[in-house]
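So the chains spell out like this:
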Amino acid sequence: MINQRIPKRIIGKKTATWDIETYKWVNFYLGGVYNGKTVRYFTTIKDMVEYQLSSRLAGFYQYAHFGGKFDFNFFLEEFLRNEKFENYELKIIPLSAGLLCFKIKDIYNHVWYFYDSYRLLPMSLKKLTESFDVADKKKELNYDRIRQYKLDTVKSYLNADLIGLYQVIQKFSDWPIIKKVGRMPTIASQALASFKYFLTVSINDMTPSQEQEIRKGYYGGRTEIFKMYAEYLNCYDVNSLYPYVMRQNIFPISRALCFKKKYIKGKLGYYHVDVMVPNIYDIPPIPYKREKRYKSDFSPLLFPVGCFKTYLTSFDIDFIKKNFPKIRIRVISGMYWEESTAIFAEFIDYFNDIKVKSEKGSADYIIAKLLMNSLYGKFATKRDQQVLVSASKDNTVRLISFGDYGIQIKQTTSYSMDYRNYIIPSLSVFVASLARIELAKLLLKCPDVAYCDTDSIFTSKTLPVSNKLGGLKLEYKIKKAIFLLPKCYILKLSNGKIIKKIKGFPPDMISKITFKSFEKALYKDDYSDFKSVKEVFGGFKENIRRGNNIVSMLTKRLTIKKRYDKRLVCDDFSTKPLMIRRDGKGV
């Protein structure tokens, strides 16, 4: 159950910042720690780690920007090798490919906390110091030539990073609502704490079986190509799509009631349904995912025609019945809620008012925007939290070796269903459903559409624009465009500027790819320009998986291996929806 009670896990005011400068990525050159008063510099990682784990910094929350994907590796490698810390306890919380945080405790119960500030303020340190207008802005330094600079020059650069980050964190912590609810580890948990401050009702949680069932219908945004080549398009974005649907709609607060083979009118509901979508619809509205046979299976989100089983909310069903009368829907089972209300209205109104009144790019604008957009997914957090802890004699867990120096830690996974009472995935499911419906409304208005991506459409039609929440913003006027895959496209704008997006590819590689590269790929199926072999800094979890040292370089091979398969590609490079048969196979 969620209520107005403020979370206990509030980060205190004892803050420090730290950073590491290296050459050739893996070689330590200079490190620094700022405790809010003085900066200490270190020329060895050993001296730096021993200082960070001294009693004078016990109880501090030590932040490194992008630390979870870089600086933490250096610290943890030294910590695990150093015999001085042999009896210290270590607890690591992984997040995505990197780390969120870790905690260390000694035999005297001194505790040190280490967090990645990027998870709280997800943008570059340069942009943060400029947007927050702090006294110490980030400076420029050529990392490839770092050993050619005088040491004092590198110290000056490091000093600006440390103090600038500290000033940003302090300014963030002094923001009125943050002061009231406390500073949290991530922007999502910060949004949740802020939401609870405005909450005036209690939101009931779900049973384990209900939660498991509703997660099956938690679909992401709709990203589809309707024309792989198009000319003279307008690209429109919806202003704050997810906050908009959160503000405008009601959401369930009572306990869910389960039933079979019945649609409950006038109540919010979630349904497992059997649908028949005739092929008269070129842009069908119903999401579909094939059931995974294995945990590692990848099943793309499709919007097909045909006969299939899927999961829909009552918002989905009402929208489909109104706008797609030929579609047949039969309820197999479902759940509904007797009570619902506009739980997000006050939260969104408060932060949107700040955003509207603030200069774009300012600290107030950024914080308000981040908090509004980071909330809805928090309710669908997975319960099986992965934790890495220091090795023990407990043989009931799998041991993982670190590279060639024999350090071992153990991996544990918690499946407890009675902790983190904010996990109510029905809220996330309804928000995602409403966002897809808003995009579907735009697609109905614009039959001549080339591409869509969650909250944006590329269409030849001219639409009215507005600065209001949920209004449309004209992002680009496009002369010609090629769309190879979702989030992989190139645009030539009316002013001659080129816009490129290739998901997963680094900026230096994207810069080498031209319009001709996209044309070769589209017309000749020649993707040779989309290949690269590059040495990259290895993430913590990837190094574990490969059995490398924690600080290691990896060879990364990048290429586009697959072709567009979410719709059928026609000879003229337009596309049409896939058809799903009763047996779940596409034709």
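Use the structure listed above.
What comes next is a walk through the structure.

Let us now look at the sheet that holds strand 28 (residues 579–580). Spatially, 5 strands are ordered 11-14-12-13-28 in an open sheet, and the strand pairing comes out mixed. The sheet is open, and its two borders are formed by strand 11 (256–260) and strand 28, each paired with just one other strand. Summarising the sheet, strand 11 and strand 14 (residues 328–337) pair through 5 bridges and their orientation is antiparallel. Paired with Ala256 across the bridge in strand 14 is Trp337.

This part takes up the nonpolar core. With 100 residues, the main nonpolar core has Phe195, Phe344, Phe351 and Ile457 as its most contacted residues. Counting 37 residues, the second-largest nonpolar core is a separate cluster that includes Phe42, Phe70, Leu80 and Leu388.

Burial along strand 20 (residues 456–459) is two-sided: the face carrying Ser456 and Phe458 and the face carrying Ile457 and Thr459 are both buried. Of the strand pairs in this sheet, strand 9 (residues 229–238) and strand 20 are connected by 4 bridges, and their pairing is antiparallel. Following the sheet pairing, Asn234 is matched in strand 20 by Thr459. Pairing between strand 19 (residues 449–453) and strand 20: 3 bridges, direction antiparallel. Its bridge partner being in strand 20, Cys452 is matched across the sheet by Ile457.

What follows is about empty space enclosed by the protein. Counted by the stated rule, this structure contains 1 cavity of 30 Å³ or more. Quantified by volume, the largest cavity comes out at close to 70 Å³. If you trace the largest cavity, you find it lined by Arg222, Pro285, Pro287, Phe303, Asp316, Phe319, Ile320, Arg436, Ile437 and Ala440. When residues of the lining of the largest cavity are traced back to their parent elements, those giving at least two are helix 9 (314–323) and helix 12 (425–445). Here the residues of the lining of the largest cavity are counted per class, giving 7 nonpolar, no polar and 3 charged.

One open sheet holds the 7 strands; their spatial order is 8-19-20-9-21-22-23, and the pairing between them is antiparallel. The strands lining the two open edges of the sheet, one partner per strand, are strand 8 (223–225) and strand 23 (498–502). Adjacent strand axes in the sheet meet at a mean angle of 30° when their direction is disregarded. In the packing of helix 14 (residues 515–524) onto the sheet, the strands contacted are strand 9, strand 21 (472–485), strand 22 (488–493) and strand 23, and the crossing angle to strand 21 comes to about 55°.

Conventions we followed
Residues numbered from 1 in each chain as written. Predicted model: local features only at pLDDT ≥ 70, side-chain atom pairs only at ≥ 80, totals over all residues. Heavy atoms only, no water. Pairing = 2+ DSSP bridges. Helix = DSSP H or I, 4+ residues; strand = E, 2+ residues; numbered from the N terminus. Core = buried A, V, L, I, M, F, W, Y, C linked by side-chain atoms within 4.5 Å. Buried < 20%, exposed > 50% of the residue type's maximum accessible area, 1.4 Å probe, protein only. 1 Å grid on protein atoms, 1.4 Å probe; cavity = no way out; pocket = protein on both sides within 12 Å on 5 of 7 lines; lining within 4 Å. Points joined across faces, edges and corners; volume = space filled by probe spheres on them. Nonpolar A, V, L, I, M, F, W, Y, C, P; charged D, E, K, R; others polar. Axes fitted to C-alpha atoms, helices over the stretch in contact; angles between N-to-C directions. Contact = heavy atoms within 4.5 Å.

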